[in-house]
Amino acid sequence: MNRILHADDRDSGASLPSRRGFLIAMVGTGVTLGFARPGLGAIELPSGEAEATPAELFEPTIWYGIDREGFVTVNVIRAEMGQHVGTALARIVADELEADWQKVRIVHVDSDPKWGLMVTGGSWSVWQSFPILSQAGAAGRIALIEEGAKLLGVGSEACVARNGAVAAGGKSIGYGDIVVRGDLRRSYTEEQLKAMPIKPPDERRLIGRDTTAIDVPSKTNGEARYGLDARVDGMIYARPKVPPTRNDSRVVSIDDAAAKSVPGYIRTLALNDPSETVPGWVMVYADSFVAASRAADLVKVEWHVGESGKVSEEDLQRRAGELIADRNGGALVVDDPGLDAAFAAAKSTIERTYTTSTVMHFQLEPVNAVAFEKDGVFEIHTGNQWQSLILPVLAQALARNQDKIVLRSYMLGGGFGRRLNGDYAVPAALAAKLAGRPVKMICTRPDDMRFDSPRSPSVQLLRMAFGDGGNVTAMDHQAAAGWPTAVMAPSFLFKAGNGALYDPFSISGADHWYSVGAQRVRALRNDLADRTFRPGWLRSVAPGWTAWAVESFMDEASHAAGADPVAFRLRLLDAAGRNAGSAPNAVGGARRQAAVLARAAQKAGWGGALPKDVGLGVATSFGQERDMPTWVACVARVAVDRGSGRVTVEKLTLVVDAGTIVHPDGAEAQVEGAALWGLSMALHEGSEFVGGQPKDTNLDSYTPLRMGDVPPVEIEFLPSTEMPVGLGEPATTVVAPAIANAIFAASGARIRHLPIRPGAVLRALSNSA
């Protein structure tokens, strides 16, 4: 089980890193960092025994317990990586439970089969958890009212629960006293929980209100623990020698003669990985990470390198183009009848190709893990986004059952989808197994990037047919890219209408909510990409490139039809047919997307006068998946320097409809962060494969958005009481096409490749002259 640690409750053997000691010293001397600090102080830290035994807790479900002092501890299966997910989920429980928010704590639990699917990604956390946690909170509230009424000597119908107490007339009793004195032996079936009466929106007292974020204080006072902070007694350190290719390198020889001069160096070993997660890996051991890193630089390894060692970015894009050209391949995700006939009968057509480069994760904390065996159980201490995915892989690599492996949870110093792929736990575990003692494996930044699971480069071909009066009669969208789900989670593949399997996270977004007559969407797996590297899920996944193509194309189509770009889109967002939406997640359908688009245009002053070489561009999307749409629109205001090709984003205006907003401050932060990530990928990020490896392995050549380039970002949420949906990624999808469309509005230069570099803008300006 997990326990909640406080600053004075740490392992005596674990000293604080200096940055943490500095922060704690600042707080201790009265220096504040601008955040409220609740009386509880802190929260979720790695595993240990619970401070209260089960008999001292009221636990109506596995999702939370209430102790004898009335403190509510919410069990969170989602990873914390800066998105305040624990605060949001605890707020759902606490609102239905009518808990005292100052007595609510959270604990990020370790892996255990009882939790079911443990994954943090896809903007799913609040959406998936809202009904479950609401029902769990309601069950506890009803039980506490029943027992509180008995203790107060009144009927339960006379009682109300508020702020951690049950009251009737002038009398009240706190939740803690009810736990001590009442008979709270309750158990609920899944059917009973689903039938629990949930409060109507107008009775919510925490959801949608500004309250203190539980997770913030520990991040500012130094108590929060990240994977990189993990340590255990007797551990040694290891740094890998990452092979030249991801999948087809094999060790031929190892020469560690020079490394033996490094004080603290222990030895170098090649890993044998039955799971084939890290073929060709070599691990360098030492008594400190500094020694391991220095020694690794001196160890010489000869590898036999396969064919992927010759692959370039151009090869990957060429292969994608070949796949699109073959009309017989791929999965028909949408395949309306009459499309070919509509194109044959069209008054006019438009066809465009859009491309994107490889994108790296570059999360702040490089991947790392501590691994060791204790009492017959292999423990992996690391930050992870998808425990349920990597556990069976670890079982295969270690040749043991999953019930003999546990992942201890830590905060993540950035995830963005990289830690959905928990592959880095495998070499740490194998290194510990070989060494026969605890090992802490740390990747340097270049190691991490060479081992990254990048967002695949993509090629997309879009066509549209117009009939009489410029009406859209058909649209065809074909997209080729690497498929991360096919490589790492094939059970998540979907079956298309033509029987072919496809990766939904490599095509979603192309199945948009516009009414375009007959529609076809074809998904194509870039097999060369999948052989060359391990494609990854990166923040916003497929819509990061499909929305780029759709919204750039919609802009071009509007001009081809002689229509205003906003008016053209609004006409197609008519909520007809399959775009009408459905309960519970997509109520209103395209009508709600039209609403955010219209509001964003209004806020940004669409149609108003602008200075020379300044333009407004618009884009709108539904986030990621049709069954949980987050409606978002962005208007970008940009200035184009015709001499240098430099693009300056002067402002981003975003309007979002995400249903019920659970944690307003966190929601705004999520949208702002997602939008800035989208801006970064639009103008600043992007790498390429050279000789089977990403060219950029550090931040000297890979240049994400800098603070000086951050424009004003205005965000508005449309009020709603509909089902809460995701916010971590949708805003990422609309920024790049909005910027490209604004470049066209400002200068006439049409951009069809990401990232947008000054040279490309100059070429487009020349072509438009």
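Located above this text is the structure these notes cover.
Residues numbered from 1 in each chain as written. Predicted model: local features only at pLDDT ≥ 70, side-chain atom pairs only at ≥ 80, totals over all residues. Heavy atoms only, no water.

Chemist: Just checking my understanding: could you explain the sheet that holds strand 19 (residues 405-409) for this structure?
Modeler: Two pairing modes exist for strands in a sheet, parallel and antiparallel, and in both the strands are linked by backbone hydrogen bonds. Spatial strand order, 12-13-10-20-17-18-19: seven strands in an open sheet with mixed pairing. Only two strands of the sheet have a single partner each, and these edge strands are strand 12 (265-270) and strand 19. Taking each pair of neighbouring strands and ignoring which way they run, the sheet shows an average axis angle of 25°. Strand direction decides the pairing type here: strand 17 (residues 368-374) and strand 20 (residues 439-442), joined by four bridges, are antiparallel. From the neighbouring strand, V370 faces strand 20, where its bridge partner is K440. In this fold helix 11 (residues 425-435) packs onto strand 10 (236-241), strand 12, strand 13 (282-286), strand 17, strand 18 (377-382) and strand 20, with an angle of close to 40° to the strand it touches most, strand 17. (Pairing = 2+ DSSP bridges. Helix = DSSP H or I, 4+ residues; strand = E, 2+ residues; numbered from the N terminus. Axes fitted to C-alpha atoms, helices over the stretch in contact; angles between N-to-C directions. Contact = heavy atoms within 4.5 Å.)

Chemist: Teacher, can you tell me more about unusual backbone geometry here?
Modeler: Generally, phi is negative for residues other than glycine and the peptide bonds are trans, each holding for most cases. A cis amide bond links A583 to the next residue, P584, at an omega of 0°. Note that P584 resides in the loop between helix 16 (565-572) and helix 17 (590-604). Within the chain, A399 stands out as a residue other than glycine whose phi angle is a positive 55°. Following the sequence through the fold, A399 ends up in the loop between helix 10 (387-398) and strand 19.

Chemist: I keep staring at the packing of helix 10 against helix 11 and nothing clicks. Help me out?
Modeler: Axis angle and axis distance: for two packed helices, these are the angle between their axes and the distance between the axes, and together they describe the pair. At their nearest, the axes of helix 10 and helix 11 sit 10 Å apart, and the two run at 30° to each other. It follows that helix 10 is roughly parallel to helix 11 by the angle criterion. Read as a crossing pair, helix 10 and helix 11 show a hand that is right-handed. Contacts between helix 10 and helix 11 pair I390, V393, L394, A397 and L398 from the former with A425, V426, A429, L430 and K433 from the latter. Across the contact of helix 10 with helix 11, the residue classes break down as nine nonpolar, no polar and one charged. (Parallel < 35°, antiparallel > 145°, perpendicular 65-115°, else oblique. Left-handed = near helix turned anticlockwise from the far one by under 90°. Nonpolar A, V, L, I, M, F, W, Y, C, P; charged D, E, K, R; others polar.)

Chemist: Honestly, the side chain of D110 in this entry has me stumped. Any pointers?
Modeler: Examined against the element boundaries, D110 turns out to sit in the loop between strand 6 (104-108) and helix 3 (125-152). A polar side-chain atom of D110 sits 2.8 Å from a polar atom in the side chain of R408. (Polar contact = N/O pair within 3.5 Å; in protein donor to acceptor, adjacent residues only side chain to side chain.)

Chemist: Would you mind showing me how to read the nonpolar core here?
Modeler: Soluble, globular proteins show a tendency: their nonpolar side chains are buried together. Core analysis: the largest hydrophobic core is formed by 90 residues, its most contacted members being M464 and I739. For this core, the element with the highest residue contribution is helix 19 (residues 732-747), accounting for nine residues. Contact partners of M464, with chain neighbours within four places excluded, come to F343, S348, T349, I350, V472, A474, M475, F553, M554, A557 and F568. (Core = buried A, V, L, I, M, F, W, Y, C linked by side-chain atoms within 4.5 Å. Buried < 20%, exposed > 50% of the residue type's maximum accessible area, 1.4 Å probe, protein only.)

Chemist: Even after reading the chapter, I still don't get the packing of aromatic side chains, so can you show me in this structure?
Modeler: In this description, a pair of aromatic rings is defined by centroid distance and the angle of the planes. Tallied over the entire structure, the rule returns twelve aromatic pairs. With 5.5 Å between their ring centres and 50° between their planes, W386 and W537 make a pair best called tilted. In this pair, W386 sits in the loop between strand 18 and helix 10 while W537 sits in the loop between helix 14 (527-532) and helix 15 (543-560), placing the two residues 151 residues apart along the sequence. By relative accessible area, which is 5% here, W537 ends up buried. Measuring from centroid to centroid gives 4.4 Å for F416 and W677, while their planes differ by 40°, and the two rings are tilted. (Phe/Tyr/Trp six-rings, centres within 6.5 Å; stacked < 30°, edge-to-face > 60°.)

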